[in-house]
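Per-entry structural report
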Amino acid sequence: MTTENSAHASRAEYARRMNRVLNHIEAHLDQPLDGALLADIANFSRFHFHRIFSAWMGETLGSYLRRRRLEKAAFRLSCGSNETVLETALATGFNSGEAFARAFKLRFGCTPSEWRANTPQRIAEQAAGIKRRPGESNPDQVFRNGDQADNGGLEEYGVSCLSFGELTMDVRVIDLPAVRVAYQRFIGPYGPAIGEFWRSTMAPWMESHGLSGATCYGIGYDDPSVTPPDKCRYDACVEVPEGFQASGRADIQTLPGGRYAAARFKGRPAEIANAWTWVTREWLPSSGLQCDDRPCFEMFSAATGMDPVTGEFSCDICIPVRAL
C-alpha cells in the first residue's frame, strides 16, 4: 500500500469511529455522556480522546454536547407537542428546568416558552428567506435520469394534496420499515455543497459497489437557522443488503421504521426547501400529528431521481410523525 493510500485508509477509519461516537451521542442526549464511555465506543485512548474529538470536530466535547442538547430542545419545542418545558429539559439531558432555562436563554436569547410561542413567526421568516435565496436549498440533486421510481408496498393511511406556489404534492401517512444503509457524512453548510458531495463522493462509491440502482436517503439532521452552518450534519445514504460490508469512509447504520408523513416532490431542486417549509408550516399543524425524534429525510431512486432533460428532481419528503 502506498503512503497516500495508507493515509487515506487511516483517515477513513477515523471518520467511521467518530461518526459512531456522534451517532451514540445523538441517541443518548437524555443520559450522562462521559468521555471515557465515548472513547471506548470509538476505540480511542481515553487519555487522548478529548483532544482527538476537539481536533476532529472543531469544538470541545463539552461544547458539542451542550450545543446538541439545546438544539434538540429547540426542535422539540417547535414541534407543537403538549410537552412541558420541564419534560423537554429532562428529555435533552438537563437536570432541572431552571438550568435548562438559563442555558437556553444564553444560547437563543429568549426563554423556552417564548421560543415555542414564536415558532409560527420564525418559520414564516425562514420561508421568506428561502424565497429570497432560491439557490441555497438542500436538495439531493444527485443523479441525472427520469422520474422517481414507485415505492410500492407502503401502507397508506391517508392522502391529501398541497400547493405551494407552483408546487403540488400528495401527502400520505405511511408505515416504513427499518432499513439498513451505508452512509457517508458531510459536515458543513447545506445547499449546493450537498449535491456536489453526492456527485463527487457518494455516487462513485455506490457505482464501485454495485449500488447505482438502489434506494437513497438524504438526511439533514440540523436546522440551519439554529445550528451554525459549518456544524450542520448531513448523511448521504444508500440501502444495502444484510451482510454488506462498508469500505472507505462509509459506515453502516439503520434508519428507524415507523409512521411517516411522505410528501411526493417533483420540481426544480431549488424549490425543495419551499416544499419542506410548506409541509412543516401548513400541512403538519392541521394534520393532528406532530414530529417525533427520528430523523427526517428525502427518499429517492439513485437511478431515476434526476431528469436530465427537465432538470427536475423527484423524491419523497419523509417526516416522522406521531399523534398529538
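Think of each chain on its own: its residues are numbered from 1, step by step along the sequence as written. Given that the model is predicted, a residue must reach a pLDDT of at least 70 before its local features are reported, and side-chain atom pairs must reach 80 or more before they are shown or counted; all residues, however, enter totals for whole chains, interfaces and linings. Calculation of side-chain values draws on the structure's entire complement of heavy atoms; hydrogens and water are dropped beforehand.

Before going further, it helps to spend a moment on the overall build of the protein chain. A count of helical and extended segments in the protein chain gives 10 helices and 10 strands. For each residue, the accessible area found with a 1.4 Å probe, counting protein chains only, is set against the maximum for its type, and the residue is called buried under 20%, exposed over 50%, and partly exposed in between. In the protein chain, buried positions account for 49% of the 324 residues. Here, residues are in contact when the closest pair of their heavy atoms is within 4.5 Å. Here the analysis covers contacts within the protein chain between residues at least 6 apart in sequence; of these, 73% occur between residues at least 24 apart. Under the DSSP-based scheme used, a helix requires at least four consecutive residues in state H or I and a strand at least two consecutive residues in state E, with every element numbered from the N terminus.

The next thing to look at is the layout of surface pockets. By volume, the second largest pocket is sized at about 300 Å³. Looking at the second largest pocket, it is lined by 17 residues, and the ones nearest its centre are Trp56, Arg185, Phe186, Ile187 and Arg249. Examining the composition of the lining of the second largest pocket, we find that 4 residues originate from one element, strand E3 (residues 179-187), more than from any other. Looking at side-chain class alone, the lining of the second largest pocket contains 7 nonpolar, 3 polar and 7 charged residues. Grid spacing is 1 Å over the protein atoms alone, the probe is 1.4 Å, and a cavity is where that probe fits but cannot get out, while a pocket is an open set with protein on both sides within 12 Å along at least five of seven lines and lining residues have an atom within 4 Å of a point. Grid points are joined across faces, edges and corners, and a volume is the space filled by probe spheres set on the points. Note on residue categories: nonpolar means Ala, Val, Leu, Ile, Met, Phe, Trp, Tyr, Cys or Pro, charged means Asp, Glu, Lys or Arg, and polar means any other residue, Gly included.

So, on to the packing of helix H4 (residues 61-78) against helix H6 (residues 97-108). Simply put, an axis is a line fit to the C-alpha atoms, just over the touching stretch for a helix, and the angle between two N-to-C directions goes from 0 to 180 degrees. Orientation of H4 relative to H6, taken along the N-to-C sense of each, is 95°, at an axis distance of 10 Å. One finds that H4 runs roughly perpendicular with respect to H6. Contacts between H4 and H6 involve Leu70, Glu71, Ala73, Ala74 and Leu77 from the first element and Phe100, Ala103, Phe104, Arg107 and Phe108 from the second. Angles are sorted into four bins: roughly parallel if under 35 degrees, roughly antiparallel if over 145, roughly perpendicular if 65 to 115, and oblique for all others.

The subject of this paragraph is the pairing of E3. By the criterion of burial, E3 is predominantly enclosed, with 8 of the 9 residues buried. Only when DSSP finds a minimum of two bridges between them are two strands counted as paired. In this sheet, strand E6 (residues 251-255) lies alongside E3 in antiparallel orientation, the contact comprising 5 bridges. Bridging from a neighbouring strand, Val181 pairs with Gln253 of E6. In this sheet, strand E5 (residues 233-239) lies alongside E3 in antiparallel orientation, the contact comprising 7 bridges.

In this scheme Phe, Tyr and Trp rings, the latter by its six-membered ring, pair at centre separations within 6.5 Å, and the angle between planes marks the pair as stacked below 30 degrees, edge-to-face above 60, and tilted otherwise. Taken as a whole, this structure holds 16 aromatic pairs when the rule is applied. Considering the side-chain rings of Phe94 and Phe100, the 5.2 Å spacing of their centres and the 55° angle between planes classify their relative orientation as tilted. Neither residue differs from the other here; Phe94 and Phe100 are each classed as buried. When the ring centre of Phe44 is taken as origin, the NZ or CZ atom of Arg17, which lies over that ring, is 5.0 Å away. In this scheme, Lys NZ or Arg CZ marks a charge over a ring once it lies within 6 Å of the ring centre and within 35 degrees of the ring normal. The ring centre of Trp115 lies 3.6 Å from the NZ or CZ of Arg122, which sits over that ring.

Confidence of the predictor in every single residue is expressed as pLDDT, which spans 0 to 100. Scored by pLDDT, the protein chain comes out at a mean of 84, with 85% of its residues at no less than 70. Ignoring residues within four places in sequence, the model shows residues 132-160, a span with pLDDT below 50, making 97 contacts including any to other chains.

Before going further, it helps to spend a moment on unusual backbone geometry. You will see that Asn43, though not glycine, has its phi angle at about 60°, which is positive. With respect to the helices, strands and loops of the structure, Asn43 is situated in the loop between helix H2 (35-42) and helix H3 (49-57). Taking relative accessible area as the criterion, Asn43 reaches 58% and is therefore assigned exposed.

One finds Trp198, Trp205, Met206, Val238, Trp283, Ile317 and Ile319 to be the most contacted residues of the largest nonpolar core, which totals 43 residues. For this core, the elements supplying multiple residues, two or more each, are strand E2 (167-176), E3, helix H9 (192-208), E5, strand E7 (258-267), helix H10 (272-283), strand E8 (289-291) and strand E10 (313-323). Here the nonpolar core consists of buried residues drawn from Ala, Val, Leu, Ile, Met, Phe, Trp, Tyr and Cys, with membership extended through side-chain atoms lying within 4.5 Å. Counting 17 residues, the second largest nonpolar core, distinct from the first, contains Leu38, Phe44, Phe49 and Leu65.

Its place among the elements puts Met306 in the loop between strand E9 (297-301) and E10. Each C-alpha atom, one on Met306 and one on Pro269, is 9.2 Å from the other, the two residues being 37 residues apart in sequence.

What follows deals with the state of the cysteines. Chemically, a disulfide is nothing more than a covalent bond linking the sulfur atoms of two cysteines. When two cysteine sulfur atoms lie within 2.5 Å, the pair is treated as a disulfide. Under the counting rule described, the total for this entry stands at 0 disulfides. For Cys216, which is in no disulfide, the shortest distance to another cysteine sulfur is to Cys237 and amounts to 8.8 Å. For Cys216, a relative accessible area of 0% corresponds to the buried category.

Here we take up H2. Within the sequence span of H2, burial applies to Gly35, Leu38, Ala39 and Ala42. Here the buried residues of H2 occupy an arc of 105° about the axis, which is enough to place them on one side. N-cap assignment for H2: the residue whose side-chain oxygen lies 3.0 Å from the backbone N of Ala36 is Asp34. Phi turns positive, to about 60°, at Asn43, one or two residues after H2. Think of the arc as the fan of directions from the helix axis to the C-beta atoms. Any pair of nitrogen or oxygen atoms within 3.5 Å is treated as a polar contact; in protein, a donor-acceptor pairing is required on top of that, and neighbouring residues in sequence qualify only through side-chain atoms on both sides.

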